[in-house]
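Working through the structure, step by step
Below are the chains, spelled out letter by letter.
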Amino acid sequence: MGAKGEAFAKQIEAKGQEALAVLERLTDADWKKVTEAEKWTVAATAHHLAGGLDAVSGIITGIVAGHAPGNFTMGMLDQMNAQHAKEHASCSKAETAALLKKGAATAAAMVRGLSDDQLAKSGVVFTDAPPMTAERLVMLALVNHIVEHMGSIRKTVGG
């Protein structure tokens, strides 16, 4: 709908395609390596990134609609991420690639549908942090999230 939403959607699509290309080149040995930044396997890091796209899209949709996630703290997010990393330490590359394709498409479509006014709306994401605009959440938890985790994966596998 808005110019910003369209620009963000294109970034998400491009970063998603880049991430998918990297994941497809990884060997089984690469998939099992542990990242320095997250201290998770490459598999868990990639799965976290892929699954997060859909989850964050839901949070952004809620903010735009005036709904806060509820009693949710940064510590709770850290605990969820640690548990996710344990559960998906050996997930399959095919499952993760499919989740990444779906998540990137969902996130891009959601952001593409937002007006500039909707992107400017703010809400409480974490009860122990200041409110965030939908636009800031798009940048931090969608675009930069892909960049950061894929940078960690690339550094870990030497590519």
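Up top is the structure these notes are about.
Now for a description of the structure that goes with this document. These figures come from a predicted structure and were not determined experimentally.

Regarding the packing of aromatic side chains
- Applying the stated rule across the entire model yields 1 aromatic pair.
- With centroids separated by 5.7 Å and ring planes inclined at 20°, the aromatic side chains of F72 and F126 adopt a geometry described as stacked. One end of the pair, F72, is in the loop between α3 (42–65) and α4 (74–87); the other, F126, is in the loop between β1 (122–123) and β2 (132–133), with 54 residues separating them in the sequence.
- Residue classification places F126 among the buried residues on the basis of a relative accessible area of 10%.

What to know about the pattern of salt bridges
- The tally for this structure, following the rule as stated, stands at 8 salt bridges.
- Across the pair K155 and E36 runs a salt bridge whose closest N-O atoms are separated by 4.0 Å. Taken together, the positions of K155 in helix α7 (residues 134–157) and E36 in the loop between α2 (28–32) and α3 put the pair 119 residues apart, joining distant regions of the chain. When sorted by exposure, K155 lands in the same class as E36, which is exposed.
- Note that K102 is salt-bridged to D54, the shortest N-O span being 3.3 Å. One end of the pair, K102, is in helix α5 (residues 93–112); the other, D54, is in helix α3, with 48 residues separating them in the sequence.
- Given the relative accessible area of 33%, D54 is considered partly exposed.
- One salt-bridge network, held together by shared partners, links E6, K10, E13 and R112.

Considerations on the nonpolar core
- In this structure, W31, I60, L137, L142 and M150 are the most contacted members of the largest nonpolar core, which totals 43 residues.
- Elements supplying a minimum of two residues to this core: α1 (3–25), α3, α5 and α7.
- In contact with I60, other than residues within four places in its own chain, are M110, L114, A134, L137, V138 and L142.

Looking at the packing of α1 against α5
- Their axes nearest at 8 Å, the elements α1 and α5 cross at an angle of 170°. In terms of orientation, α1 and α5 fall into the roughly antiparallel class. On the side of α1, the interface is formed by G5, E6, F8, A9, K10, I12, E13, G16, A19, L20, L23 and E24, while α5 contributes K93, T96, A97, L100, K101, A104, A107, A108, V111 and R112.
- Classifying every residue of the contact of α1 with α5 by side-chain character gives 12 nonpolar, 3 polar and 7 charged.

So, the layout of surface pockets
- The volume enclosed by the largest pocket comes to roughly 750 Å³.
- In this structure, the largest pocket is lined by 26 residues; those nearest its centre are V56, L77, N81, A141 and H145.
- Of all the secondary structure elements, the ones that give two or more residues to the lining of the largest pocket are α3, α4 and α7.
- Ranked by the residues each element gives to the lining of the largest pocket, the list is headed by α7, at 8 residues.
- For the lining of the largest pocket, a count of residues per class yields 14 nonpolar, 9 polar and 3 charged.

Observations regarding α1
- Relative to the 33 Å expected for 23 residues at 1.5 Å per residue, α1 spans 34 Å between its end C-alpha atoms, a close match to the ideal helical length.
- Considered for burial, the residues of α1 that qualify are G5, F8, A9, I12, G16, A19, L20, V22 and L23.
- Contact partners of the buried residues in α1: α2, α3, α5, α6 (116–119) and α7.

Rules used throughout
- Residues numbered from 1 in each chain as written.
- Predicted model: local features only at pLDDT ≥ 70, side-chain atom pairs only at ≥ 80, totals over all residues.
- Heavy atoms only, no water.
- Phe/Tyr/Trp six-rings, centres within 6.5 Å; stacked < 30°, edge-to-face > 60°.
- Helix = DSSP H or I, 4+ residues; strand = E, 2+ residues; numbered from the N terminus.
- Buried < 20%, exposed > 50% of the residue type's maximum accessible area, 1.4 Å probe, protein only.
- Salt bridge = Lys/Arg side-chain N within 4 Å of Asp/Glu carboxyl O.
- Core = buried A, V, L, I, M, F, W, Y, C linked by side-chain atoms within 4.5 Å.
- Contact = heavy atoms within 4.5 Å.
- Axes fitted to C-alpha atoms, helices over the stretch in contact; angles between N-to-C directions.
- Parallel < 35°, antiparallel > 145°, perpendicular 65-115°, else oblique.
- Nonpolar A, V, L, I, M, F, W, Y, C, P; charged D, E, K, R; others polar.
- 1 Å grid on protein atoms, 1.4 Å probe; cavity = no way out; pocket = protein on both sides within 12 Å on 5 of 7 lines; lining within 4 Å.
- Points joined across faces, edges and corners; volume = space filled by probe spheres on them.
- Expected span 1.5 Å × (residues − 1).

Everything listed here is a matter of coordinates, which is why it stays silent on function.
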